Amino acid sequence: MLERGMAYMKDKANSLGGRRRRSTNIAALVFLLPVLLILSVFIFYPIVDSFLISTYRWNGIAAEKTFVGISNWIKLVGDRDFWFAFRNNIIIMVMSIIIQIPIGLAEATFIEFVGKKGTVCKVLWFIPMLMSSVAIGFLFNYALAANGGMISAVSQLFGGGNIDLLGNKNTALMTVIFVIAWQFIPFYMVYCMAAYTNVSEDVYEASLIDGATKGQYFWRIALPLLMPSIKSAAILSMVGSLKYFDLIYVMTGGGPGTATELMATYMYKNAFAQFNMGYGSAIAGGMFILITLLSLVTMRAINGRKEEE
Amino acid sequence: MEKQYAENRIKSRISWAIATALAVVALFAAFMPFVFMVFNSFKGKFEMLTKGVFSPPEKLNFTNYQEVLSGGFVRYFGNSVFVLCLSLLLVLFIAACAAYPLARFKFRMNGFVYALIVACMAIPIHITLIPVFQMTKSLGIYDTIWAMIGPNVAFALPISVFILTSFMMGIPKEIEESAEIDGCNKYRMFFTMILPLAKPGLSTLAIYNGVNIWNEFSFAYTLTQSPKNRTLPLAVWDFQGQYSMNTPMIMSVLTLTVLPMIILFIFAQDKLVKGMTAGAVKG
């Protein structure tokens, strides 16, 4: 490709337009060189290298690597823990979309209807977004702790005992999902508020003059207009949920047992706790393939629908 | 007609009451964990256990903070500031360089290069983690603050290029055209015209990337080991090992790590909100 480009440039270089085009090409190359260099070193090469490492058995430290072909991949396809982690990713993805976006939208709608008086809500609702995933993970680890946590304190108030939400296999995943919701609802609130600014004020006033109630305005006018934004919010949430790592790693480390294991935490444990670099790379590769496939399918589905309209 | 109007009014009153009640619940849900954190950070180790977790602290007791600040916290903070500044400078400059030709030049590979860069937005960092870890080791920068710079920059670039390219497409062409007639070449044009005109886009990106880099955990956790070379998100991690049973101490560490964001929020709320949602672009 590059050679052909060079030959093409040489042919054209003789004419004046060609010389101009050549200087444009050179300038483009100069300006794009840094970004291509960095992406090659830290993204493209590592992706290829990951797939290569996945064909070895290697602890990452010793010089000797044993070539094992595709046996890591065969192991991955039949690895129940990996598919269980994938299932958890999917549950988190679906629950995130179901919980976060409607609540974010409801908060934005409330602020939209209340107007200036809603500023307090806006500020307080935004607060979780100021914290990093790691900080949120630790905060909730303590806030939800069986001993001296918030939930236990409330339960004691009503005469109950200590409640250990994160330590219980049956409640851990749901608890984590609610913490993730706590973290991201403000994001979708701000996102929907931005979407509301695209719905013109005139439409709102005209509908009220025509005798529509606020409920009717929301369901019949605003919501259809917001739908495209909500769809892209859902895509964002989807891709984010499949890559999820920090918060869960900090809060539960995938436990208790494998109750909250995700693809990313499973990969991390295999690679950096058990020093199974080959298998860790295979898991990362599987995760990469699954995310790419799911994103492509979703985009195709949504873009396909656009064409029909 | 009259009756229906009255009915509607009652209905709307009821729905408002419900909406307000839910809003209050949401306020508590969003705010209580935060209050829990700040209140308990001022308490003594035993005060929390005896007085209950929701009670305000008896007095503003800064001993936890003093202990945290004298216990290496400043080092983490300094590392974070250094990593943030260097990464951010590189990201903004490199992204601006890349966005300029992508937004303005006509060359054959334009569409392909743009698609290649933008496609990186969906890539999970975990696929690069092991090779980057190995690379860092063989370069001899494992467990130094330099280790985080490359990955931070690389993963901030795709979205930055994406946003800056569309921003630069919105800058009117006339200025450049007249400058070009005056004999200004593309390199001078970039530094004297495009960079200054792209400032609003750059400042939004600075906030978006700044927050992400400030909070970055995975690479920092994987590529560093010793406390003296770690960044702020790991301070909590390391302090937890030290004070795991002392909840108020952990809460004061947490409060300190959130403090810069709170200050930014108080003084530049609109910019921060706008910057943090800059990433919300249609994939």
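All values reported here derive from a predicted model rather than from experimental measurement.

K.L.:
Explain the overall build of chain A to me, please; I cannot follow it from the model alone.
P.N.:
Along its length, chain A carries 13 helices and two strands. Scaling as 2.2 N^0.38, a compact globule of 309 residues should have a C-alpha radius of gyration of about 19 Å, whereas chain A reaches 26 Å, well beyond that. Projected onto its principal axes, the C-alpha positions of chain A cover 75 × 60 × 35 Å. Residues counted as buried form 37% of the 309 residues belonging to chain A. Sequence separation of at least 24 residues holds for 64% of the intrachain contacts in chain A that already meet a minimum separation of 6.

K.L.:
Is there a simple way to explain the overall build of chain B in this structure?
P.N.:
Within chain B, the secondary structure is distributed over 13 helices and zero strands. What you see in chain B, going N to C, is helices and strands ordered as α-α-α-α-α-α-α-α-α-α-α-α-α. Its C-alpha atoms give chain B a radius of gyration of 25 Å, clearly above 19 Å, the size a compact globule of 283 residues would have. In terms of principal-axis extent, the alpha carbons of chain B reach across some 80 × 75 × 35 Å. When the 283 residues of chain B are sorted by exposure, 41% land in the buried category. Residue pairs in contact within chain B that sit at least 24 positions apart in sequence constitute 76% of those at least 6 positions apart.

K.L.:
When you look at the domain arrangement of chain A in this model, what are you seeing that I'm missing?
P.N.:
When cut into domains, chain A gives domain 1 (2-53) and domain 2 (73-308). Computed from C-alpha atoms alone, the centre-to-centre distance between domain 1 of chain A and domain 2 of chain A is 39 Å.

K.L.:
What is the right way to look at the packing of helix H6 (residues 149-169) of chain B against helix H9 (residues 199-215) of chain B in this model?
P.N.:
Geometry of a packed helix pair, given as the angle between the helix axes and the separation of the axes. Residues and elements named next belong to chain B. Packing of H6 against H9 brings their axes to within 10 Å, and their N-to-C directions diverge by 155°. By the angle between their directions, the pair H6 and H9 is classed as roughly antiparallel. Both H6 and H9 take part in a crossing whose hand is right-handed. Mapping the contact onto sequence places Asn152, Ala156, Ser160, Ile163, Leu164 and Phe167 in H6 and Gly201, Leu205, Asn209, Asn212 and Ile213 in H9. In terms of residue class, the contact of H6 with H9 is built from six nonpolar, five polar and no charged.

K.L.:
Just to check I follow, could you spell out the interface of chain B and chain A for this structure?
P.N.:
Where interface size is quoted, it is often the accessible area lost as the parts come together. Taken together, the contacts link 68 residues of chain B with 71 residues of chain A. Ranked by residue count, the leading element in the side of chain B that touches chain A is helix H1 (residues 2-41) of chain B, at 14 residues. Among the residues forming the side of chain B that touches chain A, the class breakdown is 50 nonpolar, 15 polar and three charged.

K.L.:
When you look at the domain arrangement of chain B in this model, what are you seeing that I'm missing?
P.N.:
All names here are of chain B. Segmenting chain B into domains produces domain 1 (2-41) and domain 2 (72-276). For domain 1 and domain 2, the distance between their C-alpha centroids amounts to 38 Å. Taken together, the contact between domain 1 and domain 2 spans four residues of the former and six residues of the latter. Its residues placed into classes, the side of domain 1 that touches domain 2 shows two nonpolar, two polar and no charged.

K.L.:
Where do I start with the nonpolar core in this structure?
P.N.:
Generally speaking, soluble globular proteins have nonpolar side chains that are buried together. With 154 residues, the main nonpolar core has A:Val35, A:Tyr188, B:Ala95, B:Ala98, B:Leu157 and B:Leu254 as its most contacted residues. It is helix H3 (residues 63-104) of chain B that provides the largest number of residues to this core, a total of 17 residues. With near-sequence residues (within four places) excluded, B:Leu157 lies in contact with A:Val35, A:Ile38, A:Leu39, B:Val91, B:Ile94 and B:Ala95.

K.L.:
Any chance you could explain unusual backbone geometry here in plain terms?
P.N.:
Apart from glycine, the bulk of residues carry a negative phi angle, and the bulk of peptide bonds sit in the trans form. Within the chain, A:Phe275 stands out as a residue other than glycine whose phi angle is a positive 50°. If you trace the backbone, A:Phe275 turns up in the loop between helix H12 (263-273) and helix H13 (277-308). Classification of A:Phe275 as partly exposed rests on a count of 13 C-beta atoms within 10 Å. Phi at B:Asp143 takes a positive value of approximately 60°, unusual for a residue other than glycine. Structurally, B:Asp143 is set in the loop between helix H5 (126-138) and H6.

K.L.:
Explain the environment of B:Leu129 to me, please; I cannot follow it from the model alone.
P.N.:
Within the element layout of this structure, B:Leu129 appears in helix H5. Separated by 94 residues in sequence, B:Leu129 and B:Leu223 have C-alpha atoms that sit 9.2 Å apart. With sequence-adjacent residues up to four places away left out, B:Leu129 is seen in contact with A:Ala284, B:Ser218 and B:Thr222.

K.L.:
Just to check I follow, could you spell out the packing of H3(B) against H9(B) for this structure?
P.N.:
Residue and element names in this part refer to chain B. The interhelical angle for the contact between H3 and H9, taken along N-to-C directions, is 140°, at an axis separation of 10 Å. Here H3 is positioned oblique relative to H9, judged by the angle of their axes. For H3 against H9, the interelement crossing comes out right-handed. Residues Ser80, Val83, Leu84, Ser87, Leu88, Val91, Leu92 and Ala96 of H3 touch H9, and the partners they reach there are Leu202, Leu205, Ala206, Asn209, Gly210, Ile213 and Trp214.

K.L.:
Would you mind showing me how to read the environment of A:Val94 here?
P.N.:
Residues and elements named next belong to chain A. You can see Val94 is positioned in helix H4 (residues 80-114). The exposure class assigned to Val94 is partly exposed, which follows from the 14 C-beta atoms found within 10 Å. Taking the C-alpha atoms as reference points, Val94 and Ser241, 147 residues apart in sequence, are found 8.8 Å from one another.

K.L.:
Explain H6(B) here, please?
P.N.:
Each α-helix winds once per 3.6 residues, and so residues spaced three or four apart point in a common direction. Compared with the 30 Å implied by 1.5 Å per residue over 21 residues, the 29 Å span of H6(B) between its first and last C-alpha is a close match. Considering bend angle alone, the principal kink of H6(B) is centred on B:Leu157 and spans about 40°; proline B:Pro158 follows within four residues of it.

What counts, and where the lines are drawn
- Residues numbered from 1 in each chain as written.
- Chains lettered and ligands numbered in written order.
- Predicted model: local features only at pLDDT ≥ 70, side-chain atom pairs only at ≥ 80, totals over all residues.
- Helix = DSSP H or I, 4+ residues; strand = E, 2+ residues; numbered from the N terminus.
- Rg over C-alpha atoms; globule rule 2.2 N^0.38 Å.
- Buried ≥ 20, exposed ≤ 12 C-beta atoms within 10 Å, placed from the backbone.
- Contact = placed C-beta atoms within 7 Å.
- Domains from an automatic or database assignment.
- Axes fitted to C-alpha atoms, helices over the stretch in contact; angles between N-to-C directions.
- Parallel < 35°, antiparallel > 145°, perpendicular 65-115°, else oblique.
- Left-handed = near helix turned anticlockwise from the far one by under 90°.
- Nonpolar A, V, L, I, M, F, W, Y, C, P; charged D, E, K, R; others polar.
- Core = buried A, V, L, I, M, F, W, Y, C linked by C-beta atoms within 7 Å.
- Expected span 1.5 Å × (residues − 1).
- Bend = angle between axes of the 7 residues up to and from the residue.

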